[in-house]
Amino acid sequence: MISLNQPMFAHLRGRSNISLAESVPADIAHMVDPYWYQWQPMEPMWFGIIGFIITILGIMSLAGNFVVIYIFTSAKPLRTPSNMFVVNLAFSDFMMMFTMFPPVVLNGFYGTWIMGPFWCELYGLCGSLFGCVSIWSMTLIAYDRYCVIVKGIARKPLTITAAVFRLMFIWGVCMLWAIFPMIGWNRYVPEGNMTACGTDYFAKDWYNRSYIVVYSVWVYLTPLTTIIFSYWHILKAVRIHEKAMREQAKKMNVASLRHSDADNNKSVEIKLAKVALVTISLWFLAWTPYTIINYAGIFESMHLSPLSTICGSVFAKANAVCNPIVYGLSHPKYKQVLKEKLPCLACAKDDVAAEVRTQATAEISESAA
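Below you will find a few notes about this structure. Within each chain, residues carry numbers counting from 1 in the order of the written sequence. This being a predicted model, a pLDDT of at least 70 is required before a residue's local features are given, and a value of 80 or more before pairs of side-chain atoms are given or counted; all residues contribute to the totals for chains, interfaces and linings. Derived side-chain values reflect all non-hydrogen atoms in the structure, with water molecules and hydrogen atoms excluded from consideration.

Another aspect to go through is the state of the cysteines. Counting rule for disulfides: a pair of cysteine sulfur atoms within 2.5 Å. Enumeration over the complete set of coordinates arrives at 1 disulfide. What pairs with Cys 120 in a disulfide is Cys 197, and their sulfur atoms sit 2.0 Å apart. Negative torsions about the S-S bond denote left-handed disulfides, and the value of about -115 degrees found for Cys 120 with Cys 197 makes this one left-handed. With Cys 120 in helix α3 (residues 116–151) and Cys 197 in strand β2 (residues 196–199), this pair connects stretches of sequence that are 77 residues apart. Each member of the pair, Cys 120 together with Cys 197, is buried. Under the DSSP-based scheme used, a helix requires at least four consecutive residues in state H or I and a strand at least two consecutive residues in state E, with every element numbered from the N terminus. For every residue, the accessible area obtained with a 1.4 Å probe (protein chains only) is divided by the maximum for its type, and the residue is called buried under 20%, exposed over 50%, and partly exposed between those limits.

If you want it as C-alpha cells, here you go:
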C-alpha cells in the first residue's frame, strides 16, 4: 500500500485517491498524457530499485566509456579514421548516461518529475540525440568493418576527412530529429512512473503519431538492417576465405597455411560469428522493448503500465554499458594499450580472438590482390 507519509510523496499529503498523472507538480501537469490518469502512483519500493539499478549502470557506463575515450585518443596507434567511430560511440554513450541517470535518481527520490517543463524537454532531447548518435555510430563501425574485410584493398581507403564528414552528418541529422518534438512534431512528456521524459507515444492524432513511425525507421529499422547486412557479408567472406585456405593447404599436403595455431580450438568463422551475434543481439535486445512500447502506445495494442514503460526506457540505456566492452575489448590493440596505461584494468590473457580476426582480415586483403 502506498503511504503519503513517505518522503517521496510528501507533496501529496492531504490528498486522497491521487492518480499517477495527478502526482506531478502543477507546472508540468499540462504535459502529462490523459492515459496516466488511470494509474495510481507506483510503490516507493520500485523507485528505490530503479534508482539503484540506473545508478550502477550509470557509474559503469561513465567509467567504461571514459576509459575507451582515453585509451583511443591517447595512444597514437589507435588514432585512426576507423577508430574515430569507436570514440564517437563512447562519447555519445557517455553523454547519454551523464544526462540521463542523475535526473532519474533525483526525481525517483521525490516520486515524480520535479525539474520543471524545460528540463523535461531537454532531458527528452538529450536521450533522443545521444541514443540516435550511438545507434548510428554502431552502424558506421559495422559498415566500416564490412568495407575492410569484404572489399579488401579494392575499397576506397577511409580518410580522417571522410570519417569526420560522416560523423558530422550523423550528428546533424540526429540533432534535427531530436529537435522536431521541441517545435511541434510530437512532444517530450513525462512517461512511465513520471521520473523520466520521452516522446509522446500516446498522442491521438496521426500527425504526432507519424513522428514515432518515421523516426523509428531512421533510428531502429535502417541501422538494424545495415548492421545485419554488414555482418552477414563479413561472415560470408570469411567462410569463403577459410574454405579456400583449407583447400590450398590440402593441395600442398600441409596441416595449415597459417603461421600460428591460435585458432586450434575454434575456427575464425566461429569467433567472428560470436562477435557478430553478440554485437547485434545486445543492440537488438536493448532497444527492441522500448520500440515495442512506443508502437504499442501509438497503436493502442497493449495495456502499458508505468513500471513496464520506465523499465523499457532504463533497459535501452543499459546498452551504453555493453558498448565499451563489445567495441573496446574486441579491438586488437586496445588491450595492449590498456595494459600499458591502466594495468589495473587489463585482462590477464591476450585477446586471441582479436588477433585472429586481424590476421584473417589481412589474409583476405592479400588474397583479393
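Turning to the side chain of Thr 199, a few remarks are in order. In this structure, Thr 199 sits in strand β2. Two N or O atoms count as a polar contact when they lie within 3.5 Å, although within protein this holds only if one can serve as hydrogen donor and the other as acceptor, and sequence-adjacent residues are included solely when both atoms are side-chain atoms. Polar contacts involving the side chain of Thr 199 include one to the side chain of Asn 294, which spans 3.5 Å. Contacts are residue-level and defined by heavy atoms, with any inter-residue pair within 4.5 Å sufficient. The residues touching Thr 199, leaving out its near neighbours within four places in the chain, are Pro 181, Asn 186, Arg 187, Tyr 188, Val 189, Tyr 211, Ile 212 and Asn 294.

The phi torsion at Asn 186 lies on the positive side, around 65 degrees, for a residue other than glycine. The residue Met 194 is not glycine, and still its phi comes out positive at about 70 degrees. With respect to the helices and strands, the residue Met 194 is situated in the loop between β1 (188–191) and β2. Judged by its relative accessible area of 0%, Met 194 is buried.

Another point: the nonpolar core. Put simply, a nonpolar core is a bunch of buried Ala, Val, Leu, Ile, Met, Phe, Trp, Tyr and Cys residues held in one set by side-chain atoms that sit within 4.5 Å of each other. By size, the foremost hydrophobic cluster in this structure holds 97 residues, and its most contacted members are Trp 36, Cys 174, Trp 177, Tyr 201, Trp 218 and Trp 287. It is α3 that contributes the most residues to this core, 17 residues altogether. Not counting residues up to four positions away in its chain, the partners in contact with Trp 218 are Cys 132, Trp 136, Val 173, Cys 174, Trp 177 and Pro 223.

Okay, the environment of Leu 78 next. One can find Leu 78 in the loop between α1 (44–74) and α2 (81–110). The exposure class assigned to Leu 78 is buried, which follows from its relative accessible area of 1%. Taking the C-alpha atoms as reference points, Leu 78 and Val 337, 259 residues apart in sequence, are found 8.9 Å from one another.

Time to look at the pattern of salt bridges. Any Lys or Arg side-chain nitrogen found within 4 Å of a carboxyl oxygen on Asp or Glu counts as a salt bridge. All chains considered together, the criterion is met by 3 salt bridges. One salt bridge in this structure joins Asp 200 and Arg 187, with 3.1 Å as the shortest N-O distance. Here Asp 200, found in the loop between β2 and α5 (206–251), pairs with Arg 187, found in the loop between α4 (160–179) and β1; they are 13 residues apart in sequence, far enough to count as distant. Residue classification places Arg 187 among the partly exposed residues on the basis of a relative accessible area of 29%. Across the pair Lys 204 and Glu 300 runs a salt bridge whose closest N-O atoms are separated by 2.8 Å. Taken together, the positions of Lys 204 in the loop between β2 and α5 and Glu 300 in the loop between α6 (268–299) and α7 (306–317) put the pair 96 residues apart, joining distant regions of the chain. You'll find Lys 204 and Glu 300 in the same group, each marked exposed. Salt bridges here are not isolated pairs; linked through shared partners, they connect Lys 204, Arg 209 and Glu 300.

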